[in-house]
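Close look at the chain arrangement
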Amino acid sequence: MPNNAARSTGISRRSLIAGALGLTAATAGGGLLSGCSGSSNASGAGGGGAAPAPPSVTLGPKLEGVLYPDGYIGPVARELKPITSEKVTFKIVVKQDVTIGDWKTNAFTKWLEQKTNIHIEWNQVGGTDDDVMTKVNAMIAAGDIPDAFMGIEFTRSQLYLYGQQGLFTDVNQFIDGYALNLQQAMKDYPDARKLVQAPDKKIYSFPSINDCYHCRASNGRTFLNTDWIKQVGLDVPKTTDEFREVLRAFKKADLGGNGRTIPFCGYKDAPFDTYFMNSFLYNPGDPWLVVNDGKVDVNFNKDEWREGLKYIHGLYAEGLINKDVFTADQDQMDRYGNAPGKPIIGGARSYYWGGFLDIDQKDPEARWRKYLAVPPVKGPNNVQYAAWNYLGVGVEVAKLVITKKCAKPELLVQWADAQMELEAILRGYGGPKFAWAKKGELGINGKQAVYGFSATWNTEKNISWSQDNAMYRSQDFRLAERVNPKDLTFESPLYQQTVDNYFPYKQPQEMQFPPVTLDQDQAAQEAELKTNLTSEVNLSFSKFVTGQLDPNDDAAWNDYKDRVEKIGVKPYLELEQAAYETYNA
Amino acid sequence: MSAAGTLPPDEKRLAVGAPIQDTRGDKIALACIYTALGFFCLAVLYPIIYVLSASVSNTKKVSAGEVWLWPVGFTVDAYKAIFDYDAIVSSFGNSVYYAVVGAVVATVLTLLAAYPLSRKGLPGKGIIMAAFVFTMMFSGGLIPTYLVVDQLGLLNTRWAMILPTALAVWNVIITRTYFMVTIPEELVEAGKVDGCSDFGFFWRIVLPLSKPIIAVNLLFYAVGQWNSFFNALIYLTNEHLFPLQVVLRQILIQTKVDPSQMPDTSKLAQLKELQQQLKYSLIVIGMIPPLLVYPFVQKHFVKGAMIGSLKG
């Protein structure tokens, strides 16, 4: 159906703008929003305006027998108390996901309902994330609104937009009275409030904390085969020149055999610039925004960027990088990485090992263990950054969005808060097969573990909500997972190598451009500028690297600078500067 | 060739026909045609064979690139794994349901709309036809359509998959043209002379003469339903009603690997494993029903579509 296809792409591409348009329709058709969902027995008063009841909620007693390492900051296991005496039903829209199974019969759904006495009527939306947003926008525009959306990835700007329209409920008013776990989490993570609140100081979604340590360095993580480095008699490279020497040696020694050796690999899903450019200037990657002394700037039109281009182009021209670095997909990478017999790739730019080969956790000699996440290398001007994501990882918005349809938002807030309790977290994302750690069992960070899972992922279905709900997973919590000596997960080496090889090279936090919230007009403008800039920068990057454009040629470089200038670097930076100042205000 | 026996010997020889020698040019042309067609055939065949082979090969061998034509490490694990996912199994059943019921409903509507429009005497024919064609170029848009479906109470029911956009105007035009070409006005008159009513004529004469176009319609609609996902996406919020394509999209097309969006490598690894395991078997499953139906409809297909396209 060509019509449908056109519609779907048109909308998913610009879901934000479509959402905005749809909203106008929703307001016009306001008559359709008839009362509340009828599930809870309130008098139909809109939840958003209701004054919060005086705080009456207390947390249950701590569970006995759970061990915590010294100085542990994070969720605590407590007895969950029923939120209401009578069963209350809410209608919540979620994503359908075969890894979750059936929301209705899911083990965690049943457990949580039995504990909290809150029943959920699930509405599932299918397809890809873009599809989901299309459907959700259509629902909102048509006034067919549930009590809440869970795990639907609204952007900060969308939350603000719908929040200002009165469609989404400000949960800030309920946090003090009803969300004790969240309060604690926000005390533990003082930046959290700033990151979740909209410019009008309201909080339009129940936030989640997922402080994934290794994720903070994901963008720059790069792997080299340490076996090979030994075989060619070199060390892990420390400078850009040494890095090149290592790749040259790989090529010369042809350790893959039959000339099949690919010294270094990249693919289209992992941006290539975020490792190499950081030897020339701080580069957080797309959309390449940096902050210099409070001024927002882009880095892709600087002379240092050009030096970086020359370097990467040099590697490519010498045949040290796979020819299809900008077009290879995950399947192709797997073919390189999993090549039968001897490995044929010397290294890869990837977020984790799974990006370029299959991870076998059982085998201590598995191939993935030979690849080490190597530190950033020092450039000719002694620049050496690991782009560290202080702000984009850790605090998540939009995990639970309560709408104005919900007559008793305080109950849903308590329900979400209950999911921030330790046992609920474990059951929520890992299923019921967890156990409290015994004394002496060690976690990922080598301290006393708190919990462990007996089964690995994927062996059982219909047991968890994957990661679609709000949770409080602090760094200490994540690292307190027991490491099973028989089933060595990649989480442990990933953590250790991030500690050793990326954390020491992080840029100062002030340099990172934070996740900002834009208002409706800004968002529409920004979406267009950003799309055009991103495609131009990416396209030119690949052309410079592959030699279609010569980075040594002044004319080509100046042409490129002109092109991005024309697309609108200036208005783009003005927008971002304004948003940045609002964020800091 | 009984007629040939009565002919004089000379002509008999001609009628049986000495093999006519192809000229040099003909031979070259023929060779080129066969080569070109052979390549086309390979280009179409290869992906199918590859997918079939990959679906019954060891997942590890596939991702290591060892499979390129025939299966390596034969196993049907991937097909067994499908049955672990209730969502896939039930969505397959739903898709079959939507394809069959949707095709029948749509074909009935198409025939009922196309036949009157093919007759000369219908008053206001031009206006009705213009109204039909108008909808090919302009549509109400997503939100108004959604509101209509909602108000009709179709939202989140199986009917939402079948009734909205059931009728394809393009098919109506083809079918109308078919009727105009194959059911001459004289036949109607002859029927009337014999006392046949309009409905009687449609039922007794038109339908039996229209098997090819009915087959074409059924096939078009069924394949359209089988491949469609957008209506399901927009109108359904009960996963037990989802068709296969929606589930396939989630598993196969969901490729977002932005690390800031997905801060858990475990989840990433899990999704990757799932994709690797199920990718090819799912494609095969999605491919089978249309493949099964095509051979049976094919003979009608060429005929029906050709005649229908005359004045289309």
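In case you missed it, the structure is sitting above this.
Here is a short report on the structure shown in this document. This is a predicted model, so every value here is computed, not measured.

Here we take up the overall build of chain B. When its secondary structure is counted, chain B shows 15 helices and 0 strands. Among the 312 residues that make up chain B, the fraction classed as buried is 41%. Within chain B, counting contacts between residues at least 6 apart in sequence, those at least 24 apart form 71% of the total. Surface summary for chain B: the accessible area is close to 17,100 Å², and the carbon and sulfur share equals 70%.

Another aspect to go through is the interface of chain B and chain A. Contacts between the two partners involve 54 residues from chain B, matched on the other side by 63 residues from chain A. Taking both sides of the interface into account, the surface hidden between chain B and chain A amounts to around 5,300 Å²; carbon and sulfur atoms contribute 54%. Between K279 of chain B and D331 of chain A there is a salt bridge whose closest N-O contact spans 2.6 Å. At the surface where chain B touches chain A, the tally comes to 11 residue pairs in polar contact (both at pLDDT 80 or more). Mapped onto the side of chain B that touches chain A, the elements with two or more residues apiece are α3 (59-63), α7 (142-151), α13 (230-235), α14 (244-253) and α15 (265-308) of chain B. Tallying contributions element by element places α15 of chain B first for the side of chain B that touches chain A, with 12 residues.

All names here are of chain A. For strand β2 (residues 118-125), the buried fraction is high: 6 of the 8 residues fall into the buried class. Two elements, strand β1 (residues 88-95) and β2, share 8 bridges in a ladder whose sense is parallel. Among the inter-strand pairings, K91 is bridged to a residue of β2, identified as E121. Between β1 and its parallel partner β2, the chain crosses via helix α3 (residues 107-116), and the hand of that crossover is right-handed.

On to the state of the cysteines. Counted by the stated rule, this structure contains 1 disulfide over all chains. Residue pairing for C212 of chain A: its cysteine sulfur links by disulfide to C215 of chain A, the two sulfurs lying 2.0 Å apart. The disulfide joining C212 of chain A to C215 of chain A has a torsion of about 75° about its S-S bond and is therefore right-handed. Pair check on accessibility: C212 of chain A and C215 of chain A agree, each one buried. Looking at the unpaired C32 of chain B, the closest cysteine sulfur is the one in C41 of chain B, lying at 17 Å.

Time to look at the sheet that holds strand β5 (residues 222-225) of chain A. Residues and elements named next belong to chain A. Across the sheet, 3 strands lie side by side as β8-β5-β9; this open sheet has antiparallel pairing. Two strands in the sheet have a free side with no partner beyond their single neighbour: β8 (347-349) and β9 (371-373). Each strand of the sheet is rotated relative to its neighbour by a mean of 20°, with strand direction disregarded. Note: β5 against β8, 3 bridges, orientation antiparallel. Looking at β8, one finds that L224 is bridged to G347.

Once that is clear, we can look at unusual backbone geometry. All names here are of chain A. Backbone torsion omega between D286 and P287 reads 5°, so that peptide bond is classified as cis. Mapped onto the elements of the fold, P287 is located in the loop between α11 (273-276) and β6 (289-292). Here D254, not a glycine, exhibits a phi torsion of approximately 45°, which is positive. Mapping D254 onto the fold places it in the loop between α10 (240-253) and α11. The phi dihedral of A398 falls on the positive side, at around 70°, and the residue is not glycine. Take A398: it is sitting in strand β10 (residues 394-402).

Below, the discussion takes up the packing of aromatic side chains. Residues and elements named next belong to chain A. Considering all chains together, one arrives at 58 aromatic pairs over all chains under this definition. Each ring, one from Y213 and one from F503, has its centre 6.2 Å from the other, and the planes form 35°; the classification is tilted. Here Y213, found in the loop between β4 (206-210) and β5, pairs with F503, found in the loop between α17 (491-501) and α18 (520-546); they are 290 residues apart in sequence, far enough to count as distant. For F503, a relative accessible area of 33% gives the class partly exposed. An aromatic cluster is present here, built from F243, F264, F272, Y275, F276, F280 and Y311 joined pairwise through their rings. The ring of Y502 is capped by R221, whose NZ or CZ atom sits 6.0 Å from the centre of that ring. Over the aromatic face of Y429 sits the side chain of R473, whose NZ or CZ is 4.6 Å from the ring centroid.

Turning to helix α15 (residues 422-430) of chain A, a few remarks are in order. All names here are of chain A. Summarising burial for α15: 8 of the 9 residues are buried, a large majority. When we look at burial in α15, the residues that qualify are L422, E423, A424, I425, L426, R427, G428 and Y429. Looking at the buried side of α15, the elements it contacts are α3, α14 (409-418), β11 (434-436), β12 (451-453), β13 (472-473) and α16 (475-479). Among the residues of α15, the N-terminal cap falls to E421, whose side-chain oxygen and the backbone nitrogen of E423 are separated by 3.1 Å. Immediately downstream of α15, the backbone of G431 shows phi near 95°, a positive value.

Procedures and definitions
Residues numbered from 1 in each chain as written. Chains lettered and ligands numbered in written order. Predicted model: local features only at pLDDT ≥ 70, side-chain atom pairs only at ≥ 80, totals over all residues. Heavy atoms only, no water. Helix = DSSP H or I, 4+ residues; strand = E, 2+ residues; numbered from the N terminus. Buried < 20%, exposed > 50% of the residue type's maximum accessible area, 1.4 Å probe, protein only. Contact = heavy atoms within 4.5 Å. Areas by Shrake-Rupley, 256 points an atom, 1.4 Å probe, with all protein chains shown as cover. Buried area = accessible area lost by both parts, 1.4 Å probe. Salt bridge = Lys/Arg side-chain N within 4 Å of Asp/Glu carboxyl O. Polar contact = N/O pair within 3.5 Å; in protein donor to acceptor, adjacent residues only side chain to side chain. Pairing = 2+ DSSP bridges. Right-handed = clockwise from strand over helix to strand, strands pointing away. Disulfide = S-S within 2.5 Å. Axes fitted to C-alpha atoms, helices over the stretch in contact; angles between N-to-C directions. Phe/Tyr/Trp six-rings, centres within 6.5 Å; stacked < 30°, edge-to-face > 60°. Lys NZ or Arg CZ within 6 Å of the ring centre and 35° of its normal.

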